[in-house]
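# Topology and contacts: notes
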Amino acid sequence: MVLDEDTVESYLRRIGAKRPAHPDAGALRVLQERHVMSVPFENVDCYVRRPLGLGEAAVRKVAERHRGGGCYELNSALGLLLRALGYPVTVLGARVYHGDVLMPPLRHLVLLVETPETWLVDVGFGFGKDRNSRFPLRFGDRSPQQDPHGEYLLVDAPHGDVDVVRDGTPLYRLERHPRDIGEFEATLWWFHTAPESPMLQALFCVRQTETGRVSLKNRTLVRTAGAERTTVTLESREQVREVLAAEFGIEVPGLPDFERPPGELARIIAAEIAAAAAPRGERA
């Protein structure tokens, strides 16, 4: 898919960026930073039982609905924007670290972008301290790379893969062979419908700020600014809905349903996705 000019301009307005004169490294640095600082990392749609999407659907969510999303959504959307601006972009899959254990393949989606120097671009990783960089990382550099979000290190791993490490903690292992966006559809279904999916363990929404971040996890709202940290416990789902609008600019059609057990929520989402797909002949 190629984004039309109106969509490109809408996307750029969404992240507060100007169209670059040339698809170079300096412009790429600005585009990633503006995306990271403007678009929240969030899974709210799972809790209003609205299906997630990749590529074009993710672009509409970010640029038109002024929403955020998870890694599949944010990175696949940004990849289409960068291609429309003239950057060569390659989609890669990654295995996420859980402690010292590598999770199954394709749990994460990232971008390699050529300027012609090769850069790792990731605007959609992590709720807690393990998070993506604010600026692109030099993919060929194996020395520490300083970033406002920490010190990042790219480490060669077996079979030509590359580990991405932040402040000494491995985040994920990149595969080197290119992927098509469609290859992530099966795992996207798993994210929606598996009780153990990280997208169904708690509602979360994170917005970066110049000095820290604002994060929501179910009823807990946390603001950090430098060394200062304040925590507020929200009293109701209605208050959570109000905070989503006030703090993150996210308007949802109903009350977020984060009080259900993950297994029950997963069954509801699976049934609703199947029911929505059936009239279009997408269900066997």
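So, a few notes on the structure that sits alongside this text. Predicted, not measured: the structure shown is a model, and the values here were computed from it.

When helices and strands are tallied, the protein shows seven helices and 14 strands. What you see for the protein is a C-alpha radius of gyration of 18 Å, in line with the 19 Å of a compact globule of 284 residues. Within the protein, the proportion of its 284 residues that are buried is 53%. Carbon and sulfur atoms make up 51% of the accessible area of the protein, which totals about 13,000 Å². The distance from the centre of the 36 positive side-chain charges to the centre of the 40 negative ones in the protein is 3 Å.

All told, the structure shown has two cavities of 30 Å³ or more when counted by the stated rule. Every residue lining the largest cavity is counted, 15 residues in all, and those nearest its centre are V36, F41, V123, N132 and Q208. Looking at the lining of the largest cavity, the element that brings in the most residues is strand β11 (residues 204–208), giving three residues. Of the residues belonging to the lining of the largest cavity, the class tally is eight nonpolar, four polar and three charged. Computed from the structure, the second largest cavity encloses a volume of approximately 50 Å³. Taken together, L120, D122, R131, N132, S133, L137, Y152, V164, L171 and Y172 make up the full set of residues lining the second largest cavity. Partitioned by chemical class, the residues of the lining of the second largest cavity number six nonpolar, two polar and two charged.

It is worth spelling out the packing of aromatic side chains at this point. Under the counting rule described, the total for this entry stands at five aromatic pairs. Ring centres of Y72 and F191 lie 5.3 Å apart, and the angle between their planes is 85°; on these two criteria the pair is classed as edge-to-face. Of the two residues, Y72 is situated in helix α4 (residues 71–84) and F191 in helix α5 (residues 185–193); the sequence distance between them amounts to 119 residues. F191 carries the same exposure label as Y72, and that label is buried. Centroid distance W190 to F191: 5.3 Å. Interplanar angle 65°. Geometry classified as edge-to-face. Among the aromatic residues, those joined into a cluster by ring pairs are Y72, F184, W190 and F191.

In this structure the tally under the stated criterion is zero disulfides. Free of any disulfide, C46 has its nearest neighbouring cysteine sulfur in C71, separated by 12 Å. The exposure class of C46 is buried, given its relative accessible area of 1%.

Before going further, it helps to spend a moment on the packing of helix α1 (residues 5–15) against helix α2 (residues 25–38). Look at α1 against α2: their axes get within 8 Å of each other, and the N-to-C directions meet at 65°. Relative to α2, the element α1 is oriented roughly perpendicular. On α2, the residues that touch Y11, L12, R14 and I15 of α1 are L31, R34, H35 and S38. Grouping the amino acids of the contact of α1 with α2 by side-chain chemistry returns four nonpolar, two polar and two charged.

Below, the discussion takes up α4. In a regular helix each residue adds 1.5 Å, so 14 residues correspond to 20 Å; α4 covers 20 Å between its end C-alpha atoms and thus fits that length. Every buried residue of α4 is accounted for by C71, Y72, E73, L74, N75, S76, A77, L78, G79, L80, L81 and L82. The first or second residue beyond α4 is G86, which carries a positive phi of 105°.

Let's shift gears to the pattern of salt bridges. Taken as a whole and assessed by the stated rule, the structure comprises 26 salt bridges. Ionic pairing is found between E42 and R67, a salt bridge with its closest N-O pair at 2.9 Å. Note that E42 is positioned in strand β1 (residues 41–42) and R67 in the loop between α3 (56–64) and α4, a separation of 25 residues in sequence. Note that D163 is salt-bridged to R173, the shortest N-O span being 2.7 Å. Taken together, the residues span a long stretch of sequence, with D163 in strand β9 (residues 162–166) and R173 in strand β10 (residues 169–174) at a distance of 10 residues. Assessed through its relative accessible area of 10%, D163 is described here as buried. A relative accessible area of 17% means that R173 is categorised as buried.

Cut-off values and rules
Residues numbered from 1 in each chain as written. Predicted model: local features only at pLDDT ≥ 70, side-chain atom pairs only at ≥ 80, totals over all residues. Heavy atoms only, no water. Helix = DSSP H or I, 4+ residues; strand = E, 2+ residues; numbered from the N terminus. Rg over C-alpha atoms; globule rule 2.2 N^0.38 Å. Buried < 20%, exposed > 50% of the residue type's maximum accessible area, 1.4 Å probe, protein only. Areas by Shrake-Rupley, 256 points an atom, 1.4 Å probe, with all protein chains shown as cover. Lys, Arg positive; Asp, Glu negative; His and termini not counted. Charge placed at Lys NZ, Arg CZ, Asp CG, Glu CD. 1 Å grid on protein atoms, 1.4 Å probe; cavity = no way out; pocket = protein on both sides within 12 Å on 5 of 7 lines; lining within 4 Å. Points joined across faces, edges and corners; volume = space filled by probe spheres on them. Nonpolar A, V, L, I, M, F, W, Y, C, P; charged D, E, K, R; others polar. Phe/Tyr/Trp six-rings, centres within 6.5 Å; stacked < 30°, edge-to-face > 60°. Disulfide = S-S within 2.5 Å. Axes fitted to C-alpha atoms, helices over the stretch in contact; angles between N-to-C directions. Parallel < 35°, antiparallel > 145°, perpendicular 65-115°, else oblique. Contact = heavy atoms within 4.5 Å. Expected span 1.5 Å × (residues − 1). Salt bridge = Lys/Arg side-chain N within 4 Å of Asp/Glu carboxyl O.

That is the geometry; function is a separate question.
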